[in-house]
Amino acid sequence: MSILIDKNIKVLVQGLTGKEGLFHTEQMINYGTPIVGGITPGKGGQISLGVPIFNTIEEAVNQTGGNVSVIFVPSAFASDAILESIYMNIQVIVCITEGIPVSDMIRIKHFLKGKKSYLIGPNCPGIISPEKYKVGIMPNSVFKKKGNIGIVSRSGTLTYEAADQIVKLGYGISTAVGIGGDSIIGMNVKEVMELFLRDSETECIVMIGEIGGRLEIEASEWIKKLENKKPVIGFIAGQTAPKGRIMGHAGAIIEKKIETAQEKMKIMEESGIHIVKSPANIGNTVYEVFH
């Protein structure tokens, strides 16, 4: 079993006919993901990559039964695309788009309350369950072995690096979830960890965080209180970042001492998480903890 995506998914691609949408839809199809429709206003009725295109997500859901969406819509229109998916009760919404205004995300978070949808992102690489399906932009070549290590990460490239190290050591990935590095996102670290802890296939969890915000701290404090836990390996990127400067991701800005990498790693270690100080050692730490 994997988390968030399973054999029942029917994926819709919002913005399929754009450059990014076309490229990554083809990659998802090659990986075995069932893409049942694309959405581009004004291009309804066309066929692209063998996939029917619809003008609205409402049309697409009604005609295909689509229950998962992945969004490649430009930032000016991406929040509307997310809201439309939530309105149509899409089970899992993955927003790849970066640069969505914070004010739009505040509105989306408010609209999500009480709804049935899980939102991953924005500004994220998506979800992948090796040898099964992927919804997003994670490289097919890295995620080629299924297994029992779950990954939740705020960094796209470090997700790929961690998975590559784990696979080279003979292990495999159950599901990898890139939640994105923006200051306001859909699912957070703790919420994804909860799904991993309930997943019978996942026996060990790798958590990759960043400076700024309290997501890793909240997840660590929650883990500390649990009686039945799985081993968790944690890494925080940005250990040399100067205070007050935005480092790449909109969410990676240190506002308080507790948001520094050092302070986060200290809290994580006190919560029973196995700390990795260099990204080069993620795979080796998984081996040491899980062997």
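Refer to the structure above for everything that follows.
**Comments concerning the overall build of the protein**
Summing up its helical and strand segments, the protein has nine helices and 14 strands in all. A compact globule built from 291 residues should have a C-alpha radius of gyration of about 19 Å, and the protein, at 18 Å, falls within 12% of that. Taking the principal axes of its C-alpha atoms as reference, the protein extends roughly 55 × 40 × 30 Å. A buried classification covers 56% of the 291 residues belonging to the protein. Accessible surface, the protein as shown: approximately 12,700 Å² in total, 51% of it carbon and sulfur. For the protein, the distance from the average position of its 30 positive side-chain charges to the average position of its 29 negative side-chain charges is 2 Å.

**Quick notes on the sheet that holds strand β9 (residues 133–136)**
Read from one edge of the open sheet, seven strands run β9-β8-β11-β10-β12-β13-β14, paired in mixed fashion. Of all strands in the sheet, those with a lone pairing partner are β9 and β14 (274–275), marking the two edges. For strand β8 (residues 126–129) and strand β11 (residues 173–178), the ladder comprises three bridges, and the chain directions are antiparallel. In the sheet register, Ile 127 faces β11, and the bridge partner there is Val 177. Across the face of the sheet, helix α5 (residues 156–168) comes into contact with β10 (146–153), β11, β12 (204–210) and β13 (232–237) while running at roughly 155 degrees to β10.

**Details of the pairing of strand β2 (residues 35–39)**
Of all five residues that make up β2, four are buried, and the element is covered over most of its length. As defined by bridge partners, strand β1 (residues 11–14) adjoins β2 across four bridges and the pair is classed as parallel. Residue Val 11 lies in a different strand from β2, and its bridge partner there is Ile 35. Handedness of the crossover is the feature at issue here: the chain leaves β1, passes through helix α1 (residues 19–31), returns alongside β2, and the resulting connection is right-handed. As paired strands, β2 and strand β4 (residues 51–54) are joined by two bridges and run parallel to one another. Looking at β4, one finds that Ile 39 is bridged to Phe 54.

**Digging into the pattern of salt bridges**
The final tally for this structure, using the stated rule, is seven salt bridges. Linked by salt bridges that have partners in common, Arg 154, Glu 210, Glu 216 and Lys 264 make up one network.

**A few points about helix α9 (residues 282–290)**
Residues of α9 that are buried: Ile 282, Gly 283, Thr 285 and Val 286. For α9, the angular spread of the buried residues around the axis is 160 degrees, confining them to a single face. Each element contacted by the buried residues of α9 is listed here: β10, α5, β12, β13 and β14.

**Focus on the packing of aromatic side chains**
Per the counting criterion, the structure on display carries three aromatic pairs. Each residue in the set Tyr 171, Tyr 287 and Phe 290 is aromatic and connected to the rest through ring pairs, giving one cluster. Residue placement shows Lys 115 over the ring face of Phe 111; its charged tip is 4.3 Å from the ring centre.

**Looking at helix α7 (residues 215–225)**
Looking at α7, one finds that the buried residues are Glu 216, Ile 217, Ala 219, Ser 220, Trp 222 and Ile 223. In this structure, the buried residues of α7 make contact with α6 (189–198), β12, β13 and α8 (261–270).

**Digging into the environment of Ser 220**
In this structure, Ser 220 sits in helix α7. On a C-alpha basis, the gap between Ser 220 and Glu 269 in space is 8.6 Å, while along the polypeptide they are 49 residues apart.

**Focus: unusual backbone geometry**
Pro 122 follows Gly 121 through a cis peptide bond whose omega is 10 degrees. Along the polypeptide, Pro 122 turns up in the loop between β7 (118–120) and β8. The phi angle at Asn 89 is positive, at roughly 60 degrees, despite the residue not being glycine. Relative to the helices and strands, Asn 89 is located in the loop between α3 (75–87) and β6 (92–95).

**Looking at the sheet that holds strand β3 (residues 47–48)**
Ordered in space as β3-β4-β2-β1-β5-β6-β7, the seven strands form an open sheet in which the pairing is mixed. Strand pairing shows two members of the sheet lacking a second neighbour, β3 and β7, which therefore form its edges. Seen against the sheet, helix α2 (residues 57–64) touches β1, β2, β4 and β5 (68–71) and runs at an angle of roughly 160 degrees to β1.

**Re the pairing of β10**
With seven of its eight residues buried, β10 lies for the most part within the structure. The pairing of β10 with β11 spans five bridges and is classified as parallel. In the sheet register, Ile 149 faces β11, and the bridge partner there is Ile 173. Here β10 pairs with β12 via five bridges, running parallel. If you follow Val 152 over to β12, its bridge partner there is Met 207.

Criteria and thresholds
- Residues numbered from 1 in each chain as written.
- Predicted model: local features only at pLDDT ≥ 70, side-chain atom pairs only at ≥ 80, totals over all residues.
- Heavy atoms only, no water.
- Helix = DSSP H or I, 4+ residues; strand = E, 2+ residues; numbered from the N terminus.
- Rg over C-alpha atoms; globule rule 2.2 N^0.38 Å.
- Buried < 20%, exposed > 50% of the residue type's maximum accessible area, 1.4 Å probe, protein only.
- Areas by Shrake-Rupley, 256 points an atom, 1.4 Å probe, with all protein chains shown as cover.
- Lys, Arg positive; Asp, Glu negative; His and termini not counted.
- Charge placed at Lys NZ, Arg CZ, Asp CG, Glu CD.
- Pairing = 2+ DSSP bridges.
- Contact = heavy atoms within 4.5 Å.
- Axes fitted to C-alpha atoms, helices over the stretch in contact; angles between N-to-C directions.
- Right-handed = clockwise from strand over helix to strand, strands pointing away.
- Salt bridge = Lys/Arg side-chain N within 4 Å of Asp/Glu carboxyl O.
- Arc of directions from axis to C-beta.
- Phe/Tyr/Trp six-rings, centres within 6.5 Å; stacked < 30°, edge-to-face > 60°.
- Lys NZ or Arg CZ within 6 Å of the ring centre and 35° of its normal.

None of the figures reported here should be taken as evidence of function without further support.
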